[in-house]
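# An overview of the molecular structure
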Amino acid sequence: WLQEAFSSIRSQTGMGPGSWELVVVDDGSTEQETLDALAQWAALPEVRIVPSSSSTASPSSPSPPSAPRGIAAALNAGWVQCRGDFVARLDGDDIAHCERLSRQLAFLDAHPSISILGGGFRTFRTSDKLHTSRDLATTQQYRMPCHPLLARWRMLFSCSLA
């Protein structure tokens, strides 16, 4: 799914060259396919590959690769490396809607009091299930609460951010 995740970010509508960066956190990858993909992406100007061990490193001096440290360390390592005004999170097995970033940025611009937002998501087993309305009808869709009070209430039982 890693290549599909990357492609979904590169194909975002309304996001011109130089308007975004992709910070990829490598949490100790050992699969050759993943290592090959990361090596190819590292050559692109809008992509930076950082090891999860760099959570305390500065963007100009990342730490060497280390053993996997888990999702929290990986998120912290990525956060430290981000240089933009906004951060959009995407796991390596996620595929972003082609208008995700432009829609979320437009919403944030129109609602300056909002500082964090998410969206719904669908689960699927193969990427070929995403091409037609009929295929999308067979996927499971999840919607997250939109009102702050509902989001807080749901956080008592599960994560309401997606």
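Computed from a prediction, not measured in an experiment: that's the story for all the values here.

Let us look at the side chain of Thr34. For Thr34, the position within the fold is in helix 2 (residues 32-42). Classification of Thr34 by relative accessible area gives buried; the value is 17%.

What follows concerns the side chain of Arg100. Within the fold, Arg100 resides in helix 4 (residues 100-110). Nearest to the buried, unbridged Arg100 among oppositely charged side chains is Asp94, at 6.5 Å. In contact with Arg100, not counting residues within four places along its chain, are Gln12, Ala88, Arg89 and Leu90.

In terms of nonpolar packing, the biggest core is built from 12 residues, these being Phe6, Ile9, Met15, Trp20, Leu22, Val24, Ala37, Leu38, Trp41, Val47, Ala96 and Leu101. Listed by contribution, the elements that provide at least two residues to this core are helix 1 (2-10), strand 1 (22-26) and helix 2. Element by element, the count of residues in this core is highest for helix 2, at three residues.

Across the five residues that make up strand 2 (residues 47-51), a large majority, four, are buried. Pairing between strand 1 and strand 2: five bridges, direction parallel. Each residue of the ladder has a partner; that of Val24, found in strand 2, is Ile49. At this point the chain moves from strand 1, through helix 2, to the parallel strand 2, and the crossover so formed is right-handed.

With that settled, consider a nonpolar patch on the surface. Taken together, the side chains of Trp153, Leu156 and Phe157 define a hydrophobic patch exposed on the protein surface, amounting to about 420 Å² of accessible area. Following the sequence through the fold, Leu156 ends up in the segment after helix 6 (148-155).

The rules we used
- Residues numbered from 1 in each chain as written.
- Predicted model: local features only at pLDDT ≥ 70, side-chain atom pairs only at ≥ 80, totals over all residues.
- Heavy atoms only, no water.
- Helix = DSSP H or I, 4+ residues; strand = E, 2+ residues; numbered from the N terminus.
- Buried < 20%, exposed > 50% of the residue type's maximum accessible area, 1.4 Å probe, protein only.
- Lys, Arg positive; Asp, Glu negative; His and termini not counted.
- Salt bridge = Lys/Arg side-chain N within 4 Å of Asp/Glu carboxyl O.
- Contact = heavy atoms within 4.5 Å.
- Core = buried A, V, L, I, M, F, W, Y, C linked by side-chain atoms within 4.5 Å.
- Pairing = 2+ DSSP bridges.
- Right-handed = clockwise from strand over helix to strand, strands pointing away.
- Patch = residues over 30% accessible without salt bridge, like charges linked within 9 Å, V, L, I, M, F, W, Y side chains within 5 Å.
- Areas by Shrake-Rupley, 256 points an atom, 1.4 Å probe, with all protein chains shown as cover.

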